[in-house]
Amino acid sequence: MNILSIKDLHATVDGKEILKGINLEMGAGEVHAIMGPNGSGKSTLSYVLSGRDGYEVTKGEVLYKGENLMKMLPEERAQAGVFLAFQYPVEIPGVPTVTFLKQAMNSVRKARGEKELDAFEFKKIMDARLKELSIVNDMVRRALNTGFSGGEKKRMEVLQMAMLEPSLAILDETDSGLDIDALKTVADGVNALRAEDRSMLVITHYQRLLDYIVPDHVHVLSAGRIILSGDKSLALELEEKGYADIVAAAA
Amino acid sequence: MNAMTDAGLLKDYEANAAALPGAGSGWVDGLRKGGVHRFEGLGLPTRRVEEWKYTDLRTLVSDPFGPADAASDDVSVPDMDLGAEPYRAVFVNGHFHAGLSDLSGLPDGVVALPLAQAMQDSAAFLESYLGRIATLGRRHFVALNTAWLADGFALYVPDGMTIERPIELVFIGATGDTRAAWHPRNLFVLHPGAQATIVERHIGETGTYLANTVAEIVLATGSRLNHFKLQDEAPDAFHVATTQIHASADAIYENFTLMTGSSVARNQIAIELQASGSSCMLNGAYLGRGKQQLDTTTLIDHAAPDCKSSEIYKGALDERSKGVFQGRIVVRKDAQRTNGHQSNKTLLLSDKAEVDAKPELEIYADDVVCSHGATVGELDEHALFYLRARGIPLEEARGLLIDAFVDGAIDEISNAAIREAFRSHAKAWQGGNS
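Residues numbered from 1 in each chain as written. Chains lettered and ligands numbered in written order. Predicted model: local features only at pLDDT ≥ 70, side-chain atom pairs only at ≥ 80, totals over all residues. Heavy atoms only, no water.

S.K.: I keep staring at the side chain of Gln231(B) and nothing clicks. Help me out?
M.R.: Counting through the fold element by element, Gln231(B) comes out in strand β13 (residues 224-232). One polar contact links Gln231(B) to Ser262(B), side chain to side chain, over a distance of 2.8 Å. (Helix = DSSP H or I, 4+ residues; strand = E, 2+ residues; numbered from the N terminus. Polar contact = N/O pair within 3.5 Å; in protein donor to acceptor, adjacent residues only side chain to side chain.)

S.K.: I'm lost on the interface of chain B and chain A in this one. Help?
M.R.: Often, the extent of an interface is quoted as the loss of accessible area on bringing the components together. Taken together, the contact pairs 17 residues of chain B with 30 residues of chain A. Each partner contributes to the roughly 2,000 Å² buried at the junction of chain B and chain A, and carbon and sulfur atoms together form 63% of this total. Linking chain B to chain A there are 2 salt bridges. Across the salt bridge formed by Glu75(A) and Arg388(B), the nearest N and O atoms sit 2.6 Å from each other. Run the count over chain B and chain A and you get 11 residue pairs in polar contact (both at pLDDT 80 or more). For the side of chain B that touches chain A, the secondary structure elements donating two or more residues are α7 (381-388) and α8 (394-410) of chain B. Looking at side-chain class alone, the side of chain B that touches chain A contains 11 nonpolar, 2 polar and 4 charged residues. (Contact = heavy atoms within 4.5 Å. Buried area = accessible area lost by both parts, 1.4 Å probe. Salt bridge = Lys/Arg side-chain N within 4 Å of Asp/Glu carboxyl O. Nonpolar A, V, L, I, M, F, W, Y, C, P; charged D, E, K, R; others polar.)

S.K.: When you look at the sheet that holds strand β7 (residues 168-172) of chain A in this model, what are you seeing that I'm missing?
M.R.: Two pairing modes exist for strands in a sheet, parallel and antiparallel, and in both the strands are linked by backbone hydrogen bonds. Residue and element names in this part refer to chain A. The strand order β6-β7-β8-β3-β9-β10 describes an open sheet built from 6 strands, whose pairing is mixed. Where the open sheet ends on each side, the last strands, each with one partner, are β6 (82-85) and β10 (225-230). The sheet shows a mean angle of 20 degrees between the axes of neighbouring strands, direction not considered. The sheet strands contacting helix α6 (residues 150-164) are β6 and β7, and the helix crosses β6 at an angle near 170 degrees. (Pairing = 2+ DSSP bridges. Axes fitted to C-alpha atoms, helices over the stretch in contact; angles between N-to-C directions.)

S.K.: Any chance you could explain the pairing of strand β19 (residues 308-317) of chain B here in plain terms?
M.R.: Successive side chains on a regular strand alternate, one facing one side of the sheet and the next facing the other. Residue and element names in this part refer to chain B. Extensive coverage of β19 is indicated by the burial of 7 of its 10 residues. As defined by bridge partners, strand β17 (residues 279-288) adjoins β19 across 10 bridges and the pair is classed as parallel. Bridging across to β19, Asn 283 finds its partner in Ile 312. (Buried < 20%, exposed > 50% of the residue type's maximum accessible area, 1.4 Å probe, protein only.)

S.K.: Please explain the pattern of salt bridges as it appears in this structure.
M.R.: Should the charged atoms of two oppositely charged side chains come close, the side chains can pair. Evaluated as defined, the whole model comprises 32 salt bridges over all chains. The salt bridge involving Lys123(A) is made with Asp127(A); its shortest N-O contact spans 2.7 Å. Of this pair, Lys123(A) and Asp127(A) both sit in helix α4 (residues 119-132), separated by 4 residues, roughly a single helical turn. In this structure Lys123(A) comes out as partly exposed when scored by relative accessible area, which is 45%. For Asp127(A), a relative accessible area of 26% puts it in the partly exposed group. Put simply, Arg419(B) and Glu420(B) hold a salt bridge, and the shortest N to O gap is 4.0 Å. According to the relative accessible area criterion, Glu420(B) is partly exposed, its value standing at 40%.

S.K.: Would you take a moment to explain the packing of α4(A) against α6(A) for this structure?
M.R.: In a pair of packed helices, the angle between the axes and the distance between the axes together describe the arrangement. All names here are of chain A. Interhelical geometry of α4 versus α6 gives an angle of 130 degrees and a closest axis separation of 10 Å. With respect to α6, the axis of α4 lies oblique. For the element pair α4 and α6, the recorded crossing hand is right-handed. Residue-level inspection shows Phe 122, Ile 125, Met 126, Arg 129 and Leu 130 of α4 in contact with α6, the latter providing Leu 159, Ala 162 and Met 163. Among the residues forming the contact of α4 with α6, the class breakdown is 7 nonpolar, no polar and 1 charged. (Parallel < 35°, antiparallel > 145°, perpendicular 65-115°, else oblique. Left-handed = near helix turned anticlockwise from the far one by under 90°.)

S.K.: Can you walk me through the environment of Leu294(B) in this structure?
M.R.: All names here are of chain B. Relative to the assigned elements, Leu 294 resides in strand β18 (residues 293-302). Each C-alpha atom of the pair Leu 294 and Ala 265 lies 5.0 Å from the other, and the pair is 29 residues apart in sequence. Apart from residues no more than four positions distant in its own chain, Leu 294 is found in contact with Gln 231, Met 259, Gly 261, Ala 265, Tyr 286, Leu 287, Gly 288, Lys 322, Gly 323 and Val 324.

S.K.: I would appreciate a short explanation of a negative patch on the surface in the present structure.
M.R.: Together, Asp53(A), Asp351(B), Glu378(B), Asp380(B) and Glu381(B) line one region of the surface with negative charge. With respect to the element layout, Asp380(B) can be found in the loop between β23 (368-377) and α7. On the basis of relative accessible area, Asp380(B) is assigned to the partly exposed category, the value being 34%. (Patch = residues over 30% accessible without salt bridge, like charges linked within 9 Å, V, L, I, M, F, W, Y side chains within 5 Å. Areas by Shrake-Rupley, 256 points an atom, 1.4 Å probe, with all protein chains shown as cover. Lys, Arg positive; Asp, Glu negative; His and termini not counted. Charge placed at Lys NZ, Arg CZ, Asp CG, Glu CD.)

S.K.: Help me understand α8(B) in this model?
M.R.: In an α-helix, one full turn covers 3.6 residues, which means residues spaced three or four apart are oriented alike. Along its 17 residues, α8(B) runs 24 Å from first to last C-alpha, staying within 8% of the 24 Å computed at 1.5 Å per residue. Most of α8(B) sits inside the fold, with 13 of its 17 residues counted as buried. (Expected span 1.5 Å × (residues − 1).)

S.K.: What should I look at first to understand helix α9 (residues 416-430) of chain B in this one?
M.R.: Residue and element names in this part refer to chain B. In a regular helix each residue adds 1.5 Å, so 15 residues correspond to 21 Å; α9 covers 21 Å between its end C-alpha atoms and thus fits that length. Residues of α9 that are buried include every one of Ile 418, Ala 421, Phe 422, Arg 423, His 425, Ala 426 and Trp 429, and no others. Buried residues along α9 sit in contact with β11 (195-204), β13, β15 (252-259), β17, β19 and α8. Residue Asn 415 occupies the N-cap position of α9, its side-chain oxygen lying 3.1 Å from the main-chain nitrogen of Ala 417.

Following this line, the structure appears as structure tokens:
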């Protein structure tokens, strides 16, 4: 059974149809890239999958591990193992990152019928992940994402992914706002999390992220539909020819 | 017509007054008589009285109140961890309860007595202060309190003395089915260089009662009073508190008031910064649900140069609750180099909740730094989604955000143990447990 199965997905935002019939199948452990120009529906797809308010599915279905994902609340999706790495992680002043991480982890564990972690057990896991990802302790003592640089925010997303151990990670324009060094660091973190039982949907405008997170499959999204699919070479072709040519050729 | 019925609040006054503590002593009788006279003239405020425009007392006057019975025996004080073991005075339905109180071990020279006893033991001390700080003016509830002047807490701290452990004053409402009113009067006098920490808890489980407290506070040169208050009265109770402070040179007054209880509550603080270098920090949080009305009304009078004041009040209002914040700052002509800052922020957790915020700055001096800001907002939808997208259920996510918001005010409490005690009370409110 595929981890994610999207069939003829249509979705509207404020009554306007943005997704116009998406079809996508992802197997366990696969990394798929979705590329597309601005306005093609990339972020809408990530929000529809994670359950944000205001995104209405009007047709089609999304099965996650065989279950109807669209029927689940955002927190239930996260608990079931769907993780969205935000393009713009939200700054939440007054909520210490550590408090947040512990509550998130325990919410997920509780929902999965696992024992909640006490402060000591939690810290042990967090410290290990911080070390693996070379994140300084100082960051988790601050208020969540508050005053973090663009690079720090994205690393915090990767840290959360490492701690919540999702089966499906959706990376929404993880490269946006990062310089090349920060991009490498974040990509290293993501690559370290690649696993046989973890699929990744990498959403990006630019090919350069895919130099570091190498996908198994590449899809081109245009005007709310996947118009072309291929292997990693498709990303290079896009980089060379630009979206306009590819979109025109596929039309 | 600015007066409405007095809700029987002076009912059977003559018959009861003769039995009040200190009756027959000329100055006490005189003080009470003044209160009666003034209250007869003023009655209770309607919303046409400018200062009472936003708080509706109609439910208060719907039925008459009688005087409260003496303390019943089957009451207890729920624990609150204040760090150090406090000195404790407990009042049940306005009457001092010796059995629940423990004032032993206070340093020599300190006067710390229930007011009724102080009327006998320290009459000269009381006479020189009572009614002189909380003057009657056009203050309806001060007049009423003065008419029924009976019990409360009197504290005097001599020159240069610091009382290390907090003094805890617990006012418990336990009236059963009787509709009753009481009027505690507190007097705190700190001599030059003295320091003390007072924690007031106004609590009750059930009952329809009016707790009408007046506190008179005199801070001599260089003294400091840390004054923390928790208002967690019974759901049908009315709580009106008037705190009046005179601060001399370099004196510091810190107040934090956390309001979670009562049907209608009004917390009024007025401070006169009378001599240079004095300062005050007035902070608080109001957390409402149901149909609660929680009113914070402050007046900071900068009457001398080089004084500082700051105010941070935050509210979270759910369901049909209503908050009121009226913050007036007066900077008189001679009060040069005044530094005054006021901030009031309210989070509305439901479409039906509301807040009226009225900052008022009256500045007559020209060399001052003053600011004020009032904001009203809702929980940040983006933040909520972010937390939920990490598996945190909606109610818990809301809780995290509300805590974070209210913490911004609670963080101002200077005493670490008391800060944590108030923080846990605020958290408990979220779970519906307070």
